[in-house]
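Each chain, letter by letter, is given below.
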Amino acid sequence: MIFRLFGKKDAGGVEVGGTKELLHLTMPVNAPVDRAFAVFVDEFASWWPRDYTWGKDSLKTIGIEPKMNGVCYEESADGDRKVWGSVLAFDRPNHIVLAWQISADRTPEASEAMASRVDVRFNPGEDGKTNVLLVHRDFFRHGEGWEKYREDMAAKKGWPYLIDLYAKAVEG
């Protein structure tokens, strides 16, 4: 089933592809590179859906610390803070790599070594647009169940949905 998605565009213009081990998505957004990067990193809470957090309705904030070795976190209204990633590479406004510290069963993963990687690149396109390339790789690091996890992230309610929300935030 997953292989039907490779190289195909969904209704929102997201092109999904990859291999059994990795997932890649490309999406042109109607903004310059610095704006596209800033929305992805600095304005993460503006587009990431509450339903895709541990805090859900009690979520106070979710974000990415915009620096090398920064953390990706969410904080609930009661002050509970959970780390869902680490910044492994940071080159504003061109590139960010995150350790995706959310396990296959959607619980926090404390170890970077057991986390997949999300690599996002922002490249200038035509007419002031930015071509965003997101590669989610190394799913095998999550251990048992990684194949289904990769499939879920490639499905309509996975990265294609998330990137569409992101693109709307960039243009909104």
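Residues numbered from 1 in each chain as written. Predicted model: local features only at pLDDT ≥ 70, side-chain atom pairs only at ≥ 80, totals over all residues. Heavy atoms only, no water.

*Asks:* Can you break down the packing of aromatic side chains residue by residue, with the values?
*Replies:* Going through the model one piece at a time under the given rule, you end up with 18 aromatic pairs. Aromatic pair phenylalanine 44 and tryptophan 48: ring centres 5.0 Å apart, planes at 20°, arrangement stacked. Judged by relative accessible area, which is 2%, phenylalanine 44 ranks as buried. When the centroid spacing of 5.9 Å and the interplanar angle of 80° are considered together, the rings of phenylalanine 139 and tyrosine 149 count as edge-to-face. Remark: tyrosine 149 occurs in helix α3 (residues 146-154) and phenylalanine 139 occurs in the loop between β9 (130-137) and α3; sequence separation between them is 10 residues. What links up through ring pairs into an aromatic cluster is the set Phe37, Phe40, Phe44, Trp47, Trp48, Trp84, Phe90, Trp100, Phe122, Trp159 and Tyr166. A cation over a ring is seen here: arginine 81 above tyrosine 73, with NZ or CZ 4.1 Å from the ring centre. Just above the ring of tyrosine 161 sits the side chain of lysine 157; from NZ or CZ to the centre is 4.4 Å. (Phe/Tyr/Trp six-rings, centres within 6.5 Å; stacked < 30°, edge-to-face > 60°. Buried < 20%, exposed > 50% of the residue type's maximum accessible area, 1.4 Å probe, protein only. Helix = DSSP H or I, 4+ residues; strand = E, 2+ residues; numbered from the N terminus. Lys NZ or Arg CZ within 6 Å of the ring centre and 35° of its normal.)

*Asks:* Report on the nonpolar core, specifying residues and quantitative values.
*Replies:* Core analysis: the biggest nonpolar cluster contains 44 residues, and Phe122, Trp159 and Tyr166 have the highest contact counts within it. Ranked by residues supplied to this core, first place goes to helix α4 (residues 159-171) with seven residues. Beyond its immediate chain neighbours, meaning those up to four positions away, tyrosine 166 contacts Val29, Ala36, Phe37, Val39, Phe40, Trp47, Phe122 and Val132. (Core = buried A, V, L, I, M, F, W, Y, C linked by side-chain atoms within 4.5 Å. Contact = heavy atoms within 4.5 Å.)

*Asks:* Talk me through the side chain of aspartate 138; I want residue IDs and the actual numbers.
*Replies:* With respect to the helices and strands, aspartate 138 occurs in the loop between β9 and α3. Exposure remark for aspartate 138: the relative accessible area of 16% places this residue in the buried category. Beyond its immediate stretch of four places on either side in the chain, aspartate 138 contacts Glu21, Ser116 and Arg117.

*Asks:* I'd love a proper account of the pairing of β9, names of residues and values included.
*Replies:* Two elements, strand β3 (residues 23-29) and β9, share seven bridges in a ladder whose sense is antiparallel. Within β9, the residue paired with methionine 27 across the bridge is valine 132. As defined by bridge partners, strand β8 (residues 116-124) adjoins β9 across eight bridges and the pair is classed as antiparallel. Across the sheet, residue arginine 121 finds its bridge partner in β9, namely leucine 133. Hairpin connection of β8 to β9: five residues between the antiparallel strands, including aspartate 127 at a positive phi of 55°. (Pairing = 2+ DSSP bridges.)

*Asks:* Any chance you could break down unusual backbone geometry for me, citing the residues and the numbers?
*Replies:* With an omega of 0°, the peptide bond running from arginine 92 to proline 93 counts as cis. Following the sequence through the fold, proline 93 ends up in the loop between β6 (81-91) and β7 (95-100). Although it is not a glycine, lysine 56 adopts a positive phi angle of roughly 50°. Tracing the backbone shows lysine 56 in the loop between α2 (44-47) and β4 (59-64). The exposure class assigned to lysine 56 is partly exposed, which follows from its relative accessible area of 38%. Even without a glycine there, the phi angle at aspartate 138 is positive, about 65°.

*Asks:* Describe the pattern of salt bridges, with residues and values.
*Replies:* Under the definition given, this model contains 11 salt bridges. A salt bridge links arginine 106 to aspartate 152; its shortest N-O distance comes to 3.4 Å. One end of the pair, arginine 106, is in the loop between β7 and β8; the other, aspartate 152, is in helix α3, and 46 residues separate them in sequence. For lysine 148, the salt bridge is made with aspartate 152, and the minimal N-O distance between the two is 2.8 Å. Of the two residues, lysine 148 and aspartate 152 are both situated in helix α3; the distance of four residues between them amounts to about one turn of the helix. Note on lysine 148: relative accessible area 52%, which makes it exposed. Residue classification places aspartate 152 among the partly exposed residues on the basis of a relative accessible area of 24%. One network of salt bridges, with partners in common, ties together Arg106, Lys148 and Asp152. (Salt bridge = Lys/Arg side-chain N within 4 Å of Asp/Glu carboxyl O.)

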